Amino acid sequence: MKKRTVAVVMAAAMTIGMMVTGVSVQAGVEDKTLIVGFDAEYPPFGYKDDNGEYVGFDLDLAQEVCDNLGWELVKKPINWDSKDMELNSGTIDCIWNGFTINGREDDYTWTDPYINNEQVMVVAKDSGIEKLADLKGKNVVVQAASAALDALNNDDNKDLKDSFASLTENPDYNTAFMNIDSGAADAVAVDIGVANYQLSQRGKDKYVILDEPIQNEQYGIGFKKGNDELKDLVWDEVKKLDESGEVDKLADKYELDKSMLCISEDKDTEDSDSTEADAEESADSTEKDADSESK
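The rules behind these values
- Residues numbered from 1 in each chain as written.
- Predicted model: local features only at pLDDT ≥ 70, side-chain atom pairs only at ≥ 80, totals over all residues.
- Heavy atoms only, no water.
- Helix = DSSP H or I, 4+ residues; strand = E, 2+ residues; numbered from the N terminus.
- Expected span 1.5 Å × (residues − 1).
- Buried < 20%, exposed > 50% of the residue type's maximum accessible area, 1.4 Å probe, protein only.
- Arc of directions from axis to C-beta.
- Contact = heavy atoms within 4.5 Å.

Caption draft 1: Summary view of helix 9 (residues 228-243). A rise of 1.5 Å per residue sets the reference length of helix 9, with its 16 residues, at 22 Å; its end C-alpha atoms lie 22 Å apart and thus fit the reference within 8%. Burial in helix 9 covers these residues: Leu 230, Lys 231, Val 234, Trp 235, Glu 237, Val 238, Leu 241 and Asp 242. Angularly, the buried residues of helix 9 cover 160° about the axis, an arc narrow enough to put them on a single face. In helix 9, the exposed positions angled more than 90 degrees off the buried face are occupied by Lys 240 and Glu 243. Just downstream of helix 9 lies Gly 245, where phi reads positive at about 90°.

Caption draft 2: Region of interest: helix 10 (residues 246-253). Those residues of helix 10 not exposed but buried are Val 247, Leu 250 and Ala 251. When helix 10 is viewed along its axis, its buried side chains cluster within an angular range of 105° and face the same direction. Counted as exposed and oriented over 90 degrees from the buried face of helix 10: Lys 249 and Lys 253. Contact partners of the buried residues in helix 10: helix 3 (57-69) and helix 9. Two residues or fewer past helix 10, Glu 255 is found with a positive phi of approximately 55°.

Caption draft 3: Broad picture of unusual backbone geometry. Residue Pro 44 follows Pro 43 across a cis peptide bond; omega there is 10°. Take Pro 44: it is sitting in the loop between strand 2 (41-42) and strand 3 (46-48). For Lys 32, which is not glycine, the phi torsion reads 55° and is therefore positive. Relative to the assigned elements, Lys 32 resides in the loop between helix 2 (27-31) and strand 1 (33-38). Of note in this structure, Ala 145 is not a glycine but carries a positive phi near 60°. By the secondary structure assignment, Ala 145 is in the loop between strand 9 (139-143) and helix 5 (147-153).

So, in structure tokens, the structure goes:
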């Protein structure tokens, strides 16, 4: 009898566990709350402003999505090294913070890309460094667990990385730029959007962004694998905000180069395909009319 009771209890516990797991995947949809995980020191996409508020291009866009859905937005700053643990444990619903798709395609349920990005090198203006080859024997810094680090670890950049005297991981880009300013580092590998923001805040006359990118990539919003329902709801609202011009306004607000935005690219492709199809249908119709007349 005891064995049977234990078996029943265990079966019930397993069922509850499965139910909890299922709910956690769709939690955002059920409770109308979106918990966004972000790096609080990653301007212009997510950071703390002078008033102590968490703001940024991505966070403001997430807020507008939630406002349109009638949902609550919870902004949860996270340690970037721990982003996967936060997502898989259900403490956040998505990672929305200049999050690179490339190389991570199979690790998350992704929206379509919304920004075309580059990983670049920034150096002090008086460093004498003009191209990537000049970084041979130099000390380079990068944010830990970042796409810039992934780019440098890519086989395509092996020779470049091997040429450095050192490659040091910093906890955030504020620290990285401080190391450039102090002379402790010669270059920082960073996203172009972050680089432009840092230069606008620290003084564009102090730094140079090297012309050669380390890697081209795209940003997306990353959800836990299988959470397609929440992803689709969020992305549909992002596309509506893009069509209404609100995304462009946010880009202007945060001095983000609007040529980097790519939300409408899929729509443009669809429109092009539709136009081509209409043209083909029209041509077929004309041919049929001509055949009918000749008969």
